[in-house]
Amino acid sequence: MKTKDTQISAEEQELTQADTAPQTEPEKAPKAKKAAKPRTKTADASAEEPAGAPAAAAEAPAAAEETAPAAAETPKAPAAKKTSRAAAKKAAAEAPAQEAAPVPELPQPRRSVAFIGSECYPFVKTGGLGDVMYALPRALIAQNCDVKVILPRYKCIPWEYQEKMVYRGSFMMDLCADGRQFYVGIMEYVWDGVVYDFIDNEEFFSYGNPYTNLVDDIPKFCYFGKAALAALNYMDWVPDVIHCHDWQAGLVPLYLREMFQGTPLGRSKVMLTIHNLRFQGIYNIPTIRYWSGLPQYVFNKDVMTQNWEDANMFKGGLTYCNMITTVSGTYAGEIQTPFYGENLDAHLRYHSGKLRGIVNGIDYGMWNPAEDKLLASNYDRSDAIAKKKENKRALQEDLGLQPDDGKFVIGLISRLTNQKGLDLVNEIMPAVIDGNTQVVVLGTGDPQYENAFRWYEETNKGSVCSNIMYDEGRAHRIYAGCDALLVPSQFEPCGLTQLIAMHYGTVPIVRETGGLKDTVQPYNQFTNEGNGFTFDRYESGLLLDAINRAKTVFFTDRVRWDEMVVRDMDKDVSWNNSARMYRQLYLELTA
């Protein structure tokens with residue numbers, strides 16, 4: 001029986017996504033450059049010479065030279081000042097010379113990393129994967145990593161980026177089991193020290209969206225995985241580590257070991273990151289065998305075969321890669337259990353020796369209440385308590401809620417699906433709306449939840465506002481204006497909403513699963529520690545209890561609540577720590 005597989009990442013349409021200007025390169029970060037390797041072409045590519053390579057340095061305007069005025073043109077000083085000038089000159093000569101400011105040393109040794117994935121902000125993004133593919137490479141630059149990101153050149157990439165891409169070359173590549181060949185073009189875009197290489201092929205990437213359906217996406221990502229490796233070989237860029245993401249790049253480890261082992265690229269190690277195990281790229285064996293061109297012996301129960309008649313692209317990649325990572329430590333353990341393992345729990349337990357978990361971060365250039373232009377009033381930890389009240393009042397007025405600083409405002413920014421715990425929220429909404437509480441919902445999803453939240457707004461005017469849409473500015477204002485943010489997910493590999501909420505001084509109320517458990521420490525009323533309110537079992541009564549505990553502190557001990565707000569803003573949820581941990585794994589792989 002054929003297994004169906006939805007093509008949208010589990011964090012797809014995550015409503016924490018932003019379409020704002022990217023942050024600038026970290027200060028003193030080195031520019032990305034090619035790894036110096038001998039030029040050797042794979043047998044899979046009969047290459048044409050590139051018409052022209054990008055020269056970023058040549059495009060930058062040359063700095064103007066400044067010439068000091070000639071001594072003869074300098075006006076003479078008045079005679080009365082000669083003595084004081086001579087004394088000053090003598091004192092300067094006798095003073096100890098000032099030492100130049102020390103330049104921060106980058107971690108050693110340097111490593112080169114190629115990211116291979118199906119989406120990356122701001123070019124194309126449907127969920128959390130796009131955020132990681134954007135932010136992690138940039139953070140790795142400060143960790144002394146040379147980074148290249150390889151992506152499909154989708155038709156939907158905005159023209160403002162497409163027009164700046166530079167042609168790097170093209171070749172024909174064998175792909176299918178019958179030797180069928182396809183064109184591979186390479187278009188390059190260099191931005192803030194990261195090199196983005198786009199695989200160009202109209203036949204596979206001319207659709208409006210990055211994901212359509214399995215019938216089209218299986219051939220598309222069979223092609224993309226092999227073309228990404230062939231492009232690296234063609235450009236003579238041999239990274240220390242090839243870092244692949246999700247099932248769309250799941251065949252890369254197999255291609256590398258089965259088809260590129262005899263090339264310079266064969267020296268690279270492969271890491272495969274699980275962003276959401278629910279989506280695996282499962283289809284019938286004959287189709288994947290034809291489009292991948294992989295040998296018959298990899299289609300066995302230990303590598304790619306699943307349910308006897310299906311092939312699983314993600315399972316094959318997990319088998320062949322050198323290291324597996326997930327986006328939180330708790331999720332790394334959860335996916336080895338039947339409930340969270342999506343039928344791969346036994347396979348992951350077998351490969352647990354190479355499984356690691358590193359929690360994601362958020363981009364402080366994109367999410368920063370001190371500089372966020374979408375807010376009514378900017379703030380940092382020093383004035384958050386007062387300024388959040390201003391943002392709260394502005395949010396209430398904007399959304400038609402009763403303006404009242406004393407109300408407890410709960411935000412919910414999410415896809416409206418069962419996975420996000422919306423069935424629990426739907427059950428307890430009547431009990432939450434008690435006259436002292438206001439609820440703001442932002443998102444789209446299943447019609448049953450969209451209609452339910454519309455009904456709650458209609459019957460509770462002034463207390464509930466349901467925004468069945470996605471509005472970027474409104475999302476930022478909800479993070480800043482709410483007192484608490486609700487994330488009661490059934491499962492959550494990492495989660496971004498709770499990280500953004502904490503950075504904006506909004507206290508998270510979450511279920512203890514995946515990255516939510518790793519990032520939110522439950523509040524302890526006896527020690528006055530913790531940065532949020534949590535519940536463990538997936539039950540609506542426990543969710544209501546967590547909300548009521550939060551309201552109790554808010555209404556009866558506002559000093560401690562405000563201290564928690566500041567603790568949340570102090571917590572480092574940036575990519576810096578995560579990037580350091582990834583670098584350590586790269587060193588472990590290449591030691």
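Thresholds applied
- Residues numbered from 1 in each chain as written.
- Predicted model: local features only at pLDDT ≥ 70, side-chain atom pairs only at ≥ 80, totals over all residues.
- Heavy atoms only, no water.
- Pairing = 2+ DSSP bridges.
- Helix = DSSP H or I, 4+ residues; strand = E, 2+ residues; numbered from the N terminus.
- Axes fitted to C-alpha atoms, helices over the stretch in contact; angles between N-to-C directions.
- Core = buried A, V, L, I, M, F, W, Y, C linked by side-chain atoms within 4.5 Å.
- Buried < 20%, exposed > 50% of the residue type's maximum accessible area, 1.4 Å probe, protein only.
- Contact = heavy atoms within 4.5 Å.
- Polar contact = N/O pair within 3.5 Å; in protein donor to acceptor, adjacent residues only side chain to side chain.
- pLDDT = per-residue confidence, 0-100.
- 1 Å grid on protein atoms, 1.4 Å probe; cavity = no way out; pocket = protein on both sides within 12 Å on 5 of 7 lines; lining within 4 Å.
- Points joined across faces, edges and corners; volume = space filled by probe spheres on them.
- Nonpolar A, V, L, I, M, F, W, Y, C, P; charged D, E, K, R; others polar.
- Right-handed = clockwise from strand over helix to strand, strands pointing away.
- Arc of directions from axis to C-beta.
- Parallel < 35°, antiparallel > 145°, perpendicular 65-115°, else oblique.
- Salt bridge = Lys/Arg side-chain N within 4 Å of Asp/Glu carboxyl O.

### Concerning the sheet that holds strand 16 (residues 464-467)
The strands making up a sheet are joined through hydrogen bonds of the backbone, oriented either antiparallel or parallel.
Here is step 1: In space, the 6 strands of this open sheet follow the order 16-15-14-17-18-19, with parallel pairing throughout. Bordering the open sheet on either side are strand 16 and strand 19 (533-535), each of which pairs with just one other strand. Taken over all neighbouring pairs, the strand axes of this sheet differ in orientation by 15° on average, direction set aside.
Here is step 2: By the bridge criterion, 6 bridges tie strand 14 (residues 408-413) to strand 15 (residues 437-442) in an arrangement that is parallel. Looking at the pairing, Val409 lines up with Gln438 of strand 15.

### Thoughts on the nonpolar core
Here is step 1: Of all hydrophobic cores here, the largest spans 139 residues; its most connected members are Phe123, Tyr196, Tyr223 and Met304.
Here is step 2: If you tally residues by element for this core, the top one is helix 6 (residues 214-234), at 13 residues.
Here is step 3: If near-sequence neighbours (up to four positions away) are discounted, Tyr196 is found in contact with Cys120, Phe123, Val149, Leu151, Met187, Glu188, Tyr189 and Trp191.
Here is step 4: The next biggest cluster of nonpolar side chains, apart from the first, holds 35 residues, and it includes Phe453, Tyr456, Phe533 and Trp561.

### Focus on the environment of Asp404
Here is step 1: Structurally, Asp404 can be placed in the loop between helix 12 (384-399) and strand 14.
Here is step 2: Note: C-alpha distance between Asp404 and Asn436 (32 residues apart in sequence) is 9.6 Å.
Here is step 3: Among all residues touching Asp404, those that are not within four sequence positions of it are Lys392, Arg393 and Gln396.
Here is step 4: A polar atom in the side chain of Asp404 sits 2.8 Å from the backbone nitrogen of Gly406.

### Here we look at unusual backbone geometry
For residues that are not glycine, phi is negative in most cases, and the peptide bond is trans in most cases.
Here is step 1: Cis geometry marks the peptide bond from Gln108 to Pro109, where omega comes out at 0°.
Here is step 2: Inspection of the secondary structure assignment puts Pro109 in the loop between helix 2 (82-94) and strand 2 (111-116).
Here is step 3: One non-glycine residue, Asn144, adopts positive backbone phi at about 65°.
Here is step 4: Residue position: Asn144 is located in the loop between helix 3 (128-141) and strand 3 (145-152).
Here is step 5: Notably, Asp246 is not glycine yet its phi reads approximately 60°, a positive angle.
Here is step 6: By secondary structure assignment, the location of Asp246 is in the loop between strand 7 (241-245) and helix 7 (252-259).

### Details of the confidence of the model for the protein
Here is step 1: Taken over all residues, the pLDDT of the protein has a mean of 86, while the share at 70 or more is 82%.
Here is step 2: Counted against residues more than four places away or in other chains, residues 1-84, with its pLDDT under 50, gives 169 contacts.

### As for empty space enclosed by the protein
In this approach a probe as big as a water molecule rolls over the atoms, and the regions it shows empty are the leftover space.
Here is step 1: Under the defined criterion, the tally for this structure stands at 6 cavities of 30 Å³ or more.
Here is step 2: Size it by volume and the largest cavity reaches roughly 130 Å³.
Here is step 3: Forming the walls of the largest cavity are 15 residues, and the residues nearest its centre are Ile385, Lys388, Lys389, Asp483 and Arg558.
Here is step 4: Residue assignment for the lining of the largest cavity shows that the elements contributing at least two residues are helix 12 and helix 19 (558-570).
Here is step 5: Here the lining of the largest cavity gets 5 residues from one element, more than from any other, and that element is helix 12.
Here is step 6: Residues that form the lining of the largest cavity fall into these classes: 6 nonpolar, 2 polar and 7 charged.
Here is step 7: Approximately 110 Å³ is the volume found for the second largest cavity.
Here is step 8: Every residue lining the second largest cavity is counted, 14 residues in all, and those nearest its centre are Asp131, Gly361, Ile362, Asp363 and Leu496.
Here is step 9: Grouping the constituent residues of the lining of the second largest cavity by class yields 8 nonpolar, 4 polar and 2 charged.

### A word on the sheet that holds strand 11 (residues 310-312)
Here is step 1: With antiparallel pairing, the 3 strands of this open sheet are ordered in space as 9-11-10. The sheet is open, and its two borders are formed by strand 9 (282-284) and strand 10 (305-306), each paired with just one other strand.
Here is step 2: Taken together, the 3 bridges between strand 9 and strand 11 define a ladder with antiparallel strand orientation. When the bridges of strand 11 are listed, Tyr283 appears paired with Ala311.
Here is step 3: Across the sheet, helix 8 (residues 285-292) touches strand 9, strand 10 and strand 11, and the angle it forms with strand 9 is around 100°.

### Here we look at the side chain of Gln143
Here is step 1: If you trace the backbone, Gln143 turns up in the loop between helix 3 and strand 3.
Here is step 2: What makes Gln143 buried here is its relative accessible area of 10%.
Here is step 3: Excluding anything up to four places from it in sequence, Gln143 contacts Pro107, Asn576, Ala579, Arg580 and Arg583.

### A word on the pairing of strand 16
Here is step 1: Burial along strand 16 is two-sided: Val464 and Ser466 and Cys465 and Asn467, pointing in opposite directions, are all buried.
Here is step 2: Here strand 15 runs beside strand 16; their pairing, made up of 4 bridges, is parallel. Following the sheet pairing, Leu442 is matched in strand 16 by Asn467.
Here is step 3: Each parallel crossover has a hand, and for strand 15 linked through helix 14 (residues 447-459) to strand 16 it is right-handed.

### What about helix 8?
Here is step 1: Taken together, the buried positions of helix 8 are Ile285, Ile288, Trp291 and Ser292. Along helix 8, the residues classed as buried sweep out an arc of 150° about the axis, all on the same side.
Here is step 2: Residue Gly293 follows helix 8 closely and has a positive phi angle near 70°.

### A short note on the pairing of strand 6 (residues 194-200)
Here is step 1: Counting buried positions along strand 6 yields 7 of 7 residues, so the element is predominantly enclosed.
Here is step 2: Burial along strand 6 is two-sided: the face carrying Val194, Tyr196, Phe198 and Asp200 and the face carrying Val195, Asp197 and Ile199 are both buried.
Here is step 3: What sits between the antiparallel neighbours strand 5 (residues 181-191) and strand 6 is a turn of 2 residues, in which Asp192 has the positive phi angle 50°.

### A closer look at the packing of helix 12 against helix 19
Here is step 1: Look at helix 12 against helix 19: their axes get within 10 Å of each other, and the N-to-C directions meet at 95°. Our classification of the angle between helix 12 and helix 19 gives roughly perpendicular. For the pair helix 12 and helix 19, contact is made by Ala384, Ile385, Lys388 and Lys389 and by Arg558, Asp562, Val565 and Met569, respectively.
Here is step 2: In terms of residue class, the contact of helix 12 with helix 19 is made up of 4 nonpolar, no polar and 4 charged.

### Notes on the pattern of salt bridges
Here is step 1: A full pass over the atoms with the stated rule returns 24 salt bridges.
Here is step 2: Residue Lys551 is joined to Asp434 by a salt bridge in which the shortest nitrogen-to-oxygen separation is 2.7 Å. Linking Lys551 in helix 18 (residues 540-556) with Asp434 in the loop between helix 13 (422-432) and strand 15, this pair joins segments that are 117 residues apart in sequence.
Here is step 3: Since its relative accessible area comes to 6%, Lys551 is described here as buried.
Here is step 4: Judged by its relative accessible area of 39%, Asp434 falls in the partly exposed class.
Here is step 5: The network of salt bridges with common partners includes Lys148, Arg168, Glu188 and Asp197.

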